[in-house]
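# Reading the structure
In case you want the letters, here they are:
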Amino acid sequence: MHWKSRILHSKPDVPQGFESFATPVYRGSTILLGSMANAHDEWHMERGWNYGVYGTPTALELGARIAAMEGARHTFLAPGGQAAISLIYFAFCKAGSHALVPSNAYGPNRHLAGDLLRGLGIEVEAYDPMIGAGIGALIRPNTSLIWCESPGSVTMEIQDVPAIVAAAHERGVTVALDNTYAAGVLLDAFALGVDVSMQALTKYIGGHSDLLLGSVSVNTEAAYRAVGSTHQQIGMAVSPDDCSLALRGLQTLAVRLEKLEASTLEVARWCVEQPAIETVLHPAFESCPGHELWKRDFTGSSSIFSIVFDRRYSPEQVNGLVDSLKMFGIGWSWGGTHSLAMAYPGLERPTGDYAGRIVRLNIGLEEPVDLIEDLRGALVKLG
């Protein structure tokens, strides 16, 4: 064989006996099938490997570990949290469908609903996140999907998920939950009757602000088929390198969540005592809407909470406070090792008047005493 051909057709020869804790990074678009008898174009693995878009061993290992963690039948991976949200909409909605989403949902979810989905003939209606069983009055004959997000984005309202599930299932409607806050473990979505649980693995599973991934976990055969078929048709392939980082993040998830919860509670308790702060929106505090539901359904809290400043402060002053922080970075997302702060000057919520006064904090792995001193200095400047 000519050397030019030989370097292409050589096969890896790994000596036996090598063993590591790390899952190997398997890259590949083309997967060699061995014979035409093995050639097929199906997304599921019942007939074996097919094509890299449906996953490599690295991706399937990550999906299997998340499914085991959440108690799911199967977990599909997506290139990011928003991609996972889109996958769920496309799997359960079609032209003429009606869906319900809480008014405090993740901003890009609501943007998707009001723009792309509307153009495709899918109507997405916002509802009061505290509606509970009353959501039954909003369900129409063409309602095909109800979203829950608990706690809600920025304003942290806790939803009565079991009551919403009961009303939805009575009418044959699928319920999906954005379970990112709980990292899939602080809230048992499937025990509450949810049909589909999604996460932005970008947050706690990745844990280091260096990857973008999403997951969609299902617990029934019908949801498995609906999501799997859609996943194939829109080609939501994920990077095995990102999956490898997420697998590494899973190994420290438990200790990070424990540290983040303790640090966040310490900082939040300090914030409660500050005269400039009107209220603290943390699920573990009575001041947070739905606190009793949090005590009933959750096994812990994580790293984000929001502070609402006294009305005497202008949005410009609140923005200035965020700008003056030294240990808190200003940036989107959360769940990583570094603390973050973000103000929301134009935020609108039916549950409260927060526009221009609310700041969301993500507490990282820094020592709480240092974060508190940073906040103290910013409050002094605020006056």
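This text goes with the structure placed above it.
As a starting point, this report considers the structure included with it. (Residues numbered from 1 in each chain as written. Predicted model: local features only at pLDDT ≥ 70, side-chain atom pairs only at ≥ 80, totals over all residues. Heavy atoms only, no water.)

## Focus on the environment of M45
Mapping M45 onto the fold places it in the loop between α1 (3–9) and α2 (57–70). A relative accessible area of 32% means that M45 is categorised as partly exposed. For the pair M45 and G55, spaced 10 residues apart in sequence, the C-alpha to C-alpha distance is 9.8 Å. (Helix = DSSP H or I, 4+ residues; strand = E, 2+ residues; numbered from the N terminus. Buried < 20%, exposed > 50% of the residue type's maximum accessible area, 1.4 Å probe, protein only.)

## Let's talk about the sheet that holds strand β9 (residues 304–309)
Read from one edge to the other, the open sheet built from five strands follows the order β8-β9-β12-β11-β10, with strand pairing classed as mixed. Looking at strand neighbours, the two that pair on one side only are β8 (277–281) and β10 (329–330), the edges of this open sheet. Inspection of the sheet shows strand β11 (residues 340–343) paired to strand β12 (residues 358–362) by four bridges, in the antiparallel sense. Counterpart to L340 in the pairing with β12 is N362. Its contacts with the sheet place helix α11 (residues 315–324) against β9, β10, β11 and β12, and it is angled at close to 165° to β11. (Pairing = 2+ DSSP bridges. Contact = heavy atoms within 4.5 Å. Axes fitted to C-alpha atoms, helices over the stretch in contact; angles between N-to-C directions.)

## Considerations on the sheet that holds strand β5 (residues 174–178)
Across the sheet, seven strands lie side by side as β1-β7-β6-β5-β4-β2-β3; this open sheet has mixed pairing. Two strands close off the open sheet at either side, each with one partner strand: β1 (74–78) and β3 (123–127). Recorded for the sheet is a direction-independent mean angle of 20° between the axes of neighbouring strands. Contacts from helix α6 (residues 161–170) reach β3, β4 (143–149) and β5, with the element oriented near 175° to β4.

## Comments concerning the layout of surface pockets
Taken as a whole, the largest pocket encloses approximately 630 Å³ of empty space. For the largest pocket, the lining is made up of 32 residues, of which Y106, G107, P108, S153 and R360 are closest to its centre. Those elements that place two or more of their residues in the lining of the largest pocket are α3 (81–92), α4 (107–114) and β6 (196–200). Residues of the lining of the largest pocket, tallied by class, amount to 16 nonpolar, 10 polar and six charged. In terms of lining residues, the second largest pocket is bounded by 21 residues, among which Y54, L60, H74, T75 and F76 are the most central. For the lining of the second largest pocket, the elements supplying multiple residues, two or more each, are α2, β1 and α7 (221–233). (1 Å grid on protein atoms, 1.4 Å probe; cavity = no way out; pocket = protein on both sides within 12 Å on 5 of 7 lines; lining within 4 Å. Points joined across faces, edges and corners; volume = space filled by probe spheres on them. Nonpolar A, V, L, I, M, F, W, Y, C, P; charged D, E, K, R; others polar.)

## What to know about the environment of G48
Considering the arrangement of structural elements, one finds G48 in the loop between α1 and α2. Residue classification places G48 among the partly exposed residues on the basis of a relative accessible area of 22%. On a C-alpha basis, the gap between G48 and N38 in space is 7.7 Å, while along the polypeptide they are 10 residues apart.

## Here we look at the packing of α11 against helix α12 (residues 368–382)
Look at α11 against α12: their axes get within 9 Å of each other, and the N-to-C directions meet at 145°. Helix-helix and strand crossings are classified by hand; for α11 and α12 the assignment is right-handed. Note on element contacts: α12 touches α11 through A378, L379, K381 and L382, opposite Q317, L321 and S324. Here the contact of α11 with α12 is composed, by residue class, of four nonpolar, two polar and one charged. (Left-handed = near helix turned anticlockwise from the far one by under 90°.)

## A word on the environment of A64
Its location among the elements puts A64 in helix α2. A64 gets classed as partly exposed once you look at its relative accessible area, which sits at 44%. In this structure, the C-alpha to C-alpha distance between A64 and S217, residues 153 residues apart in sequence, is 10.0 Å.

## Here we look at the nonpolar core
Grouped together as the largest cluster of nonpolar side chains are 55 residues, with contacts concentrated most on L62, L77, I146, L213 and I358. Contributing elements (two or more residues each) for this core: α2, β4, α6, β5, α8 (240–251), α9 (253–272), α10 (291–297) and β9. Considering every element that reaches this core, the biggest residue donor is α6, with five residues. Every residue in contact with L77, bar those within four places of it in the chain, is listed here: A59, L62, G63, I66, L201, G214, S215, H231, M236, V238 and C243. (Core = buried A, V, L, I, M, F, W, Y, C linked by side-chain atoms within 4.5 Å.)

## Let's talk about the pattern of salt bridges
Taken as a whole and judged by the stated rule, the model has 14 salt bridges. Of the charged contacts, one joins E221 and R73 as a salt bridge, the two residues approaching to 2.7 Å between their closest N and O atoms. Residue E221 is located in helix α7, and its partner R73 is located in the loop between α2 and β1; the two are separated by 148 residues in the primary sequence. For E221, a relative accessible area of 37% gives the class partly exposed. We note a salt bridge from D160 to R296, for which the minimum N-O separation is 2.8 Å. Taken together, the residues span a long stretch of sequence, with D160 in the loop between β4 and α6 and R296 in helix α10 at a distance of 136 residues. According to the relative accessible area criterion, R296 is partly exposed, its value standing at 46%. Through salt bridges with shared partners, a single network forms among R73, E221 and R225. (Salt bridge = Lys/Arg side-chain N within 4 Å of Asp/Glu carboxyl O.)

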